[in-house]
Amino acid sequence: MAMLKGMGWKAGEGIGRTFKQDVKPIEHQLRPKGLGLGADRSAIKDLDESRPKRPPKPGEERAPEEPQGLVTGGPVLVEKGPHKDLYGKIEGVDPDNARVMVRLAIGGKTVTVSQYCLRLVNRKEYEKNSRDLSRLSKAHKEREKMKTDEEKERLSNAGAPDKHVDRERDREGDRDQRGKDRKRKHQSQHDRDGPHAGKEPRQSSSNTGSSRAPCWLQRDLRVRFIDKKFKGGKYYNSKMTIEDVLSPEVCVCRSEEGRLLDDVKQSMLETVVPKSDSDFIMVVLGQNRGQVGRILQRDKEKGQALVQLQRSEEQVFKLDYDAVCHYVGGTDD
């Protein structure tokens, strides 16, 4: 600039013989993310919800405004990935990498998720479903699907009740036929294996529904990995800590090397009883499920322990080893 002024140039004049006027440079305007080719940018202003709204009328109460878009504090639902169907609130946004930091409502863990895997929800939906674990169970999803199918069928058959009744009868007939086929198949298997060999399968098949293992997963539990097929048996018989519970039977674990393992099923784990009486345990089964305490006495022959819980220090409970697990989280002490 000083050199140009020394050569006789003045502010506002062009540079050179042919440029007699000051030409302003063309400023680059950043294209909004997701704006298609040929889209009118002026239409974006019409969609901007941050514009000033009309003042409320006398006596009119304005509902509290909810966060709009991917902003800090906005409630969202994760629709894809290891944290699918979990609700959370946005704690930060990385627009360059299209990543969003979400604090999950269940577990309180902060995870990084692609913005394309999130769906914005209103505050009412968030408060209703954010901590409801029953939504994540397979049975709940099947019930929801069944309700949706029944609703569609009811609407389609609103004008033909006789047809609806016939369809219900056909469905019951198909159910009875499937039950007869299963009994016939089981009976043929019984005859093939012999009268004595067939008793055990019949007893086990009758108890299939009642032998399902209860859910005991909790955060900050010290557990043992017992699946030989996972990752080629790399983590077999090793101890790890449950970092987060995604559903009643699925969790995220951290190995002793500090590596996170996603989508670990409950059937891959077993509870661990601490060796030292000074370590804390958590009751994972029964009416005292979720309470923390210490082991006072052990009976290795019966596989039981006398446990004193923090919330009931005046009482002592006799629990099976399977009902307690080593707890490494925070306590009330």
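Not measured: the values here are computed from a predicted model. In every chain, residue numbers begin from 1 and rise along the written sequence. For a predicted model such as this one, the threshold for reporting local features is a pLDDT of at least 70, and the threshold for listing and counting side-chain atom pairs is 80 or more; totals across whole chains, interfaces and linings nevertheless cover every residue. Hydrogens and water molecules were not included; the side-chain quantities draw on all heavy atoms of the structure.

A closer look at the sheet that holds strand β3 (residues 99–104)
Moving on, step 1. In this analysis, strands are considered paired if DSSP registers two or more bridges between them. In this description a helix means any DSSP run of H or I spanning at least four residues, a strand means any run of E spanning at least two, and both kinds are numbered starting from the N terminus. The strand order across the open sheet built from five strands is β4-β3-β2-β1-β5, with neighbouring strands paired in antiparallel fashion. Looking along the sheet, the strands with just one partner apiece sit at the ends: β4 (110–114) and β5 (118–120). Strand after strand, the sheet turns through a mean of 45° between neighbouring axes, direction not considered.
Moving on, step 2. Relative to β4, β3 is paired through five bridges, and the arrangement is antiparallel. Paired with V102 across the bridge in β4 is V111. Axis definition: a line fitted to C-alpha atoms, limited for helices to the stretch in contact. Angles are taken between N-to-C directions and run from 0 to 180 degrees.

As for the nonpolar core
Moving on, step 1. Judged by nonpolar contacts, the single largest core of 22 residues is most densely connected at L221, V223, F225, I242, V264 and L269.
Moving on, step 2. Breaking this core down by element, the ones donating at least two residues are β6 (221–225), β7 (239–247), β8 (250–255), β9 (260–265), β11 (280–283) and β15 (324–327).
Moving on, step 3. Ignoring sequence-local partners within four residues, the contact set of V264 consists of F225, E249, V250, C251, C253 and L269.
Moving on, step 4. Residues enter a nonpolar core if they are buried and are Ala, Val, Leu, Ile, Met, Phe, Trp, Tyr or Cys, with the set joined through side-chain atoms within 4.5 Å. Exposed residues in this analysis have more than 50% of their type's maximum accessible area, buried residues have under 20%, and partly exposed residues fall in between, with area computed by a 1.4 Å probe over protein chains only. Membership of the second largest hydrophobic core comes to 14 residues, among which are V78, L86, V100 and I106. In what follows, residue pairs with any heavy atoms lying within 4.5 Å of each other are defined as contacts.

A closer look at unusual backbone geometry
Where the residue is not glycine, phi is negative for most of them; where a peptide bond is considered, it is trans in most cases.
Moving on, step 1. A positive phi angle is found at D220, which is not glycine, with a value near 65°.
Moving on, step 2. Topologically, D220 is positioned in the loop between α6 (199–206) and β6.
Moving on, step 3. We note that D263 has phi near 55°; this positive angle belongs to a residue other than glycine.
Moving on, step 4. The topology assignment puts D263 in strand β9.

Comments concerning the confidence of the model for the chain
For residues with low pLDDT, the predicted coordinates do not support detailed interpretation.
Moving on, step 1. pLDDT runs from 0 to 100 and stands for how confident the predictor is about each residue. Confidence in the prediction for the chain averages 77 pLDDT; 70% of positions are at 70 or higher.
Moving on, step 2. Mean pLDDT in the chain bottoms out at α6, which sits at 44, and peaks at β6, which reaches 93.
Moving on, step 3. In the predicted structure, residues 195–210 sits below a pLDDT of 50 and forms seven contacts with residues beyond four places in sequence or in another chain.

A closer look at the pairing of β8
Moving on, step 1. Bridging between β7 and β8 involves six bridges; their strand directions are antiparallel. When the bridges of β8 are listed, V245 appears paired with C251.
Moving on, step 2. Counted between consecutive antiparallel strands, the loop separating β7 from β8 contains two residues.
Moving on, step 3. Direction of pairing for β8 relative to β9: antiparallel, over a ladder of four bridges.

Re the pattern of salt bridges
Moving on, step 1. Counted as salt bridges are all cases of a side-chain nitrogen of Lys or Arg within 4 Å of a carboxyl oxygen of Asp or Glu. All told, the structure shown has seven salt bridges when counted by the stated rule.
Moving on, step 2. R119 serves as the salt-bridge partner of E79, at 3.0 Å between the closest nitrogen and oxygen. Separated by 40 residues along the polypeptide, E79 in the loop between β1 (75–78) and β2 (87–94) and R119 in strand β5 bring together distant segments of the chain.
Moving on, step 3. According to the relative accessible area criterion, R119 is partly exposed, its value standing at 31%.
Moving on, step 4. Between E243 and R254 there is a salt bridge whose closest N-O contact spans 3.2 Å.

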